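In case you want the letters, here they are:
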Amino acid sequence: MVDGAGGKNDLNELQIQDLKSKVLDLRMKNEVLEKEISQLKREIGQLKHLPLFVAVVVDVLDSGEVYLRQQGNNQEYITTVSDEIRHMLRPGAKVAVNNTLSIVRVIGTVYDSRVRIMELEESPDVSFENVGGLKDEIEEVREAVEYPLTKPETFERIGVEPPKGILLYGAPGTGKTLIAKAVAHNANARFIRMSGSELVHKFIGEGAQLVRELFTLAREHAPSIVFIDEIDAIGSTRSHDGTSGSAEVQRTLMQLLAEMDGFDNRGDVRIMAATNRVDMLDPALLRPGRFDRVIEIPLPDLDTRREILRIHSAKMHMSGDVDLKAVLEQTEGATGADLQAICREAGIMAVRRDAESVTQSDLTEAVHKVMKDSGGMDTRMYL
Ligand SMILES: Nc1ncnc2c1ncn2[C@@H]1O[C@H](COP(=O)(O)OP(=O)(O)OP(=O)(O)O)[C@@H](O)[C@H]1O
Ligand SMILES: [Mg+2]
């Protein structure tokens, strides 16, 4: 009995010894590898410090190799790259190559100017469940934007052209951008957003070129949805007052109209725009073949406000006494964005009190704060 147990212990002892020596062995191997790594890192560092040549990417081949043209001598060659670098490369991108003609880094791409202003989202992370109310408006947008992408054959069968461009108008914060994103999500399309006012105010002299690039980008990334936010900044009648700034805006608008005219309705790029001021838009934009479907996004009515509150408070912990009815009655004229702000404010107040949950008085206070901040401003002036 005692012997037997002793035998087992011996065995365990042996196994432990064995494992210890294995650990030692692996540690030594590890050390050798670590040395190798730091040696390689040093080499990489040196390679990066040697003078580099500049080349332009002609194409990224299906094989994963990259076809380059060296600037200056126009020599062309094919090289391999790491996955990390390859996904940053597009035809036209500038890269630095070393004397073995390997790409060391990407210097810049022709996309630079586009990236500065255009947001590109792979199928955005917003679905119709995140939109309260607006059922009819959503359906109208889906007919015009989503179905031409997801079931083009139906349009073909019936022999009808989908609308070319869709314009959403309504007060700020009523959910225009939200709907556009949800549609892109549902259509599994890329969402490319450009802000008209940024285009005009930040990129003076580049407007027309950027509009052209916007459409090129959209075609390259099809199926895609182009969303021009604040289109009034480029398409407002008031901005054409004969000054040089307005001439630039005019050129940008002309380019947009030209792009839309040259556009195939049946293609897999859909165009949407949004504005707060539909009354100020240049009628040229609203002509058939341009933004020929205009959809008003209204302020939420009581039922819609209830739904929006439900969406934005879904993850919040509400105390038992909370009754949203009072909130609904006090938020006549509030937008979806206001309601979201009310939920957030009420939550912050509860956090401040270090409470377990949001109470009715948190909500009441939040309503007062938000309704006062949005100035009791009559949002209807935008419609
Ligand atoms: N119907 C709605 N359902 C749920 N949330 C909404 C709704 N409307 C607005 N919101 C909330 O308000 C935020 C702002 O809305 P959104 O950006 O879509 O407004 P907008 O109409 O595009 O405003 P702007 O004219 O200022 O661009 C959204 O991110 C969302 O959280
Ligand atoms: Mg918006």
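The paragraphs below set out a description of the structure included in this document. Since we're looking at a predicted model, the values are computed, not measured.

Brief notes about the packing of helix α4 (residues 135–150) against helix α6 (residues 176–186)
For the pair α4 and α6, interaxial distance at closest approach is 10 Å and the crossing angle is 50°. In terms of their interaxial angle, α4 and α6 are classed as oblique. Handedness of the crossing formed by α4 with α6: right-handed. Residues Glu137, Ile138, Val141, Arg142, Val145 and Glu146 of α4 pack against Ile179, Val183 and Asn186 of α6. Looking at the contact of α4 with α6, its residues break down into five nonpolar, one polar and three charged.

Considerations on the nonpolar core
Ranked by internal contacts, the top residues of the largest apolar core, which has 56 residues, are Ile179, Leu214, Ile225, Val226 and Met272. For this core, the leading source of residues is helix α8 (residues 207–220), giving seven residues. Those residues in contact with Leu214 that sit more than four places away from it in its chain are Met118, Ile192, Met194 and Val226. Counting residues in hydrophobic clusters, the runner-up holds 15 residues, among them Val327, Ala334, Cys343 and Val370.

Digging into the site of ligand 1
Taken together, 20 residues are adjacent to ligand 1, and Pro172, Gly175, Lys176, Thr177 and Gly336 come closest. Where the shell around ligand 1 is concerned, the elements lending two or more residues are α6, α12 (302–313) and α14 (336–352). Here the shell around ligand 1 is composed, by residue class, of eight nonpolar, 10 polar and two charged. Here the shell around ligand 1 spans two domains, and each of domain 2 (116–296) and domain 3 (302–382) adds at least three residues to it.

Calculation rules
Residues numbered from 1 in each chain as written. Chains lettered and ligands numbered in written order. Predicted model: local features only at pLDDT ≥ 70, side-chain atom pairs only at ≥ 80, totals over all residues. Axes fitted to C-alpha atoms, helices over the stretch in contact; angles between N-to-C directions. Helix = DSSP H or I, 4+ residues; strand = E, 2+ residues; numbered from the N terminus. Parallel < 35°, antiparallel > 145°, perpendicular 65-115°, else oblique. Left-handed = near helix turned anticlockwise from the far one by under 90°. Contact = placed C-beta atoms within 7 Å. Nonpolar A, V, L, I, M, F, W, Y, C, P; charged D, E, K, R; others polar. Core = buried A, V, L, I, M, F, W, Y, C linked by C-beta atoms within 7 Å. Buried ≥ 20, exposed ≤ 12 C-beta atoms within 10 Å, placed from the backbone. Near = placed C-beta within 6 Å. Domains from an automatic or database assignment.

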